[in-house]
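Chain by chain, the residues run as shown.
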Amino acid sequence: MFNLDDPKRWAELDPQDMRGLLAAFPMQIREAWHLVQDLELRADFPIANVIVSGLGGSAIGGDVIRTATAEDLRVPLLVIRDYSLPQFVNSATVVFACSYSGNTEETLSSYEQARQAGAFIICISSGGALAERARAAGFPLIQIPAGLPPRAALGYSAITLLGSLRALGLVSDVREPVEETAELLSSLVRRYVPAVPEPSNNAKAIARGLHGKIVAIYASSRRLEAAAVRWRGQMEENGKNLAFHHLLPEMNHNELVGWRYPDGALEKVGVVFLRDPEDHPQVQRRFDLTREMVAESAGVTFEAWSEGKSLLARIFSLICLGDFVSLYLGHLNSVDPTPVEAIELLKQKLRA
């Protein structure tokens, strides 16, 4: 049995120190806020809508902020993961072009479409072609630190986007939830880091239960969609482990029926239910009943509750747990969590 408490094994499997990047996440939240707390952005037109264009680790920040500000944001916000933008994008649209590397081909394509449509563009990147184009065209550029795997830069991508929305007058003052999030994450990291032994480490316990299984993540559509997307992506990128997700109540109207076949295969699925205390009461009942029904077929089920006062903090509390679960799942799979060879191989083939 793999020992998740062996420091020598951590170093062997994680030479690029993904564990350290996860532990530094609270500091990243604070640094990102420092970048934008005094940001000045002026749009001399009535803003009709906001688009966040990005892929993978550069898009998840948009998902987090879209859900965290849903009850406060004054205009619609969409996250687009594609080469093309919607036809309604025009001079009344604010487009955030988000690419950590600055070279994501889908984002560069949508950037050009936004420019041609006359949209107000704000670029969030560590450099690359996107930063160069922003400077040449005179668009605002929020440059974040380079040298990280994009998925490990979520604090920068989410908080700089949130600060930008505040600077545009589209959300209320967000200082308090950002500060709460950083403080809460500092506390959670201390619970989940490798030095905390498995009997006392919930992230290690969940990873142990999910090992050898396809991972299913279920969350509420209203508040925790972004957390579910993040969990799925981290299981896949850090853990190199297939995963999927769905949202309640929609899952109860289709996928629930699928928990019957293939006969004998469903025990190879491990399920995590992401819960929030402020979900609709009927959604809470649906979670309880769904877990009872799914547990009859699944190999294992877990329940993880969000923590914190603000919705931003609660979303990030579950993201923090999932990030560490994915790290330990990668250890159990005996893989280095940082490289993503399959993605790099696909990029090479696309360029050929």
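Everything below is about the structure shown above.
Okay, so let's go over this structure. These numbers were taken from a predicted model, which means no experiment stands behind them.

Quick notes on the rules
- As a convention, each chain's residues are numbered from 1 in the sequence order in which they are written.
- The predicted nature of this model means local features are confined to residues of pLDDT at least 70 and side-chain atom pairs, given and counted, to a pLDDT of 80 or more, with totals for whole chains, interfaces and linings taken over all residues.
- The side-chain quantities take in all heavy atoms of the structure and omit both hydrogens and water.
- Numbering of helices and strands runs from the N terminus, with a helix taken as a DSSP run of H or I at least four residues long and a strand as a DSSP run of E at least two residues long.
- The quantity called the radius of gyration is restricted to C-alpha atoms. Its globule counterpart is 2.2 Å times the number of residues to the power 0.38.
- Two residues qualify as a contact provided that any one of their heavy atoms is within 4.5 Å of a heavy atom in the partner residue.
- The positive count covers Lys and Arg only, the negative count covers Asp and Glu only, and His and the chain ends enter neither.
- A charged residue contributes its charge at one atom only: NZ of Lys, CZ of Arg, CG of Asp or CD of Glu.
- Two strands pair under a simple rule: DSSP has to find at least two bridges between them.
- For helices, the axis comes from a line fit to the C-alpha atoms of the stretch in contact; other axes are also lines fit to C-alpha atoms, and the angle between any two N-to-C directions lies between 0 and 180 degrees.
- Oblique is the label for any angle not under 35 degrees, not over 145, and not in the 65 to 115 range, which are roughly parallel, roughly antiparallel and roughly perpendicular in turn.
- In this scheme the crossing of two helices becomes right-handed for a clockwise turn of the near helix relative to the far one and left-handed for an anticlockwise turn of less than a right angle.
- Asp, Glu, Lys and Arg are counted as charged, while Ala, Val, Leu, Ile, Met, Phe, Trp, Tyr, Cys and Pro are counted as nonpolar; the rest, among them Gly, fall into the polar class.
- What we call a nonpolar core is a set of buried Ala, Val, Leu, Ile, Met, Phe, Trp, Tyr and Cys residues that are connected through their side-chain atoms within 4.5 Å.
- For every residue, the accessible area obtained with a 1.4 Å probe (protein chains only) is divided by the maximum for its type, and the residue is called buried under 20%, exposed over 50%, and partly exposed between those limits.
- Salt bridges are defined by distance alone: a side-chain nitrogen of Lys or Arg within 4 Å of a carboxyl oxygen of Asp or Glu.
- Polar contact is the term for a pair of N or O atoms within 3.5 Å; when the atoms are in protein, one must be able to donate a hydrogen and the other to accept it, and sequence-neighboring residues count only if both atoms are side-chain atoms.
- Throughout, right-handed denotes a crossover for which the path from the first strand over the helix to the second runs clockwise when the strands point away from the viewer.

**Considerations on the overall build of the protein**
Of the regular secondary structure elements, the protein holds 13 helices and nine strands. Taken over C-alpha atoms, the radius of gyration comes to 20 Å for the protein, in line with the 20 Å a tight globule of 352 residues would show. If you line up the protein on its principal axes, its C-alpha atoms span 60 × 45 × 45 Å. Once local pairs closer than 6 in sequence are excluded, the contacts in the protein between residues at least 24 apart make up 78%. Within the protein, the 42 negative side-chain charges are centred at a point lying 1 Å from the centre of the 35 positive side-chain charges.

**Quick look at the sheet that holds strand 7 (residues 243-248)**
Across the sheet, which stays open at both edges, the four strands sit in the order 7-6-8-9 with parallel pairing between neighbours. Unpaired on one side and paired on the other, strand 7 and strand 9 (300-305) mark the two borders of the sheet. Each strand axis lies, on average, 20° off the axis of its neighbour in the sheet, ignoring direction. Note: strand 6 (residues 214-220) against strand 7, six bridges, orientation parallel. Looking at the pairing, Ala219 lines up with Leu247 of strand 7. Here helix 9 (residues 202-210) sits on the sheet in contact with strand 6, strand 8 (269-275) and strand 9, set at roughly 155° to strand 9. Helix-sheet contacts for helix 11 (residues 281-295) involve strand 6, strand 7, strand 8 and strand 9, and the interaxial angle to strand 8 is about 165°.

**Thoughts on the packing of helix 4 (residues 60-68) against helix 10 (residues 225-237)**
Viewed as axis vectors pointing N to C, helix 4 and helix 10 meet at an angle of 160°, and their least axial separation amounts to 8 Å. By the criterion of interaxial angle, the relationship of helix 4 to helix 10 is roughly antiparallel. Crossing of helix 4 against helix 10: the hand is left-handed. Every residue of helix 10 that contacts helix 4 at Ile60, Asp63, Val64, Arg66 and Thr67 is listed here: Glu225, Ala226, Val229 and Arg230. Residues of the contact of helix 4 with helix 10, tallied by class, amount to four nonpolar, one polar and four charged.

**Concerning the nonpolar core**
Ranked by size, the top nonpolar core spans 89 residues in total, and within it Phe96, Leu165, Leu274, Phe316 and Phe324 carry the most contacts. The contact partners of Phe324, leaving out residues within four places of it in the chain, are Leu22, Ala23, Val189, Tyr192, Val193 and Ala203. Of all hydrophobic cores here, the second largest spans 16 residues; its members include Leu85, Ala114, Cys123 and Leu130.

**A few points about the pattern of salt bridges**
Scanning all chains against the criterion turns up 24 salt bridges. Glu307 is the partner of Arg191 in a salt bridge, and the nearest nitrogen-oxygen pair spans 2.8 Å. Highlighted residues: Arg191 in helix 8 (residues 175-192) and Glu307 in the loop between strand 9 and helix 12 (311-332), separated in sequence by 116 residues. The salt bridge involving Arg230 is made with Asp323; its shortest N-O contact spans 3.0 Å.

**Here's the deal with unusual backbone geometry**
Cis geometry is found at the peptide bond from Leu248 to Pro249, where omega equals 15°. Within the secondary structure, Pro249 is located in the loop between strand 7 and strand 8. For the bond from Tyr261 to Pro262, the omega torsion is 5°, close enough to zero to count as cis. Positive phi is not limited to glycine here, since Asp17 has a value of about 60°.

**Some details on the environment of Ser310**
Considering the arrangement of structural elements, one finds Ser310 in the loop between strand 9 and helix 12. You can call Ser310 buried: its relative accessible area is 16%. Taking the C-alpha atoms as reference points, Ser310 and Ala219, separated by 91 residues in sequence, lie 18 Å from one another. Here Ala313 takes part through its backbone nitrogen, which lies 3.2 Å from a polar atom of the side chain of Ser310.

**Comments concerning helix 4**
With seven of nine residues buried, helix 4 is to be regarded as a mostly interior element. The set of residues buried in helix 4 consists of Ile60, Gly61, Gly62, Asp63, Val64, Ile65 and Thr67. Those residues of helix 4 that are buried are in contact with strand 1 (49-53), strand 2 (77-80), helix 7 (154-167), helix 10 and helix 12.

**Comments concerning the pairing of strand 2**
The pairing of strand 1 with strand 2 spans four bridges and is classified as parallel. Bridging from a neighbouring strand, Val50 pairs with Leu77 of strand 2. A crossover connection joins strand 1 to the parallel strand 2 through helix 4; in handedness this β-α-β unit is right-handed.

**What about the environment of Glu307?**
Glu307 sits in the partly exposed class, given a relative accessible area of 27%. In this structure, the C-alpha to C-alpha distance between Glu307 and Leu188, residues 119 residues apart in sequence, is 9.5 Å. Residues within four places of Glu307 in sequence aside, it is in contact with Leu184, Leu188, Arg191, Ala313, Arg314 and Ser317.

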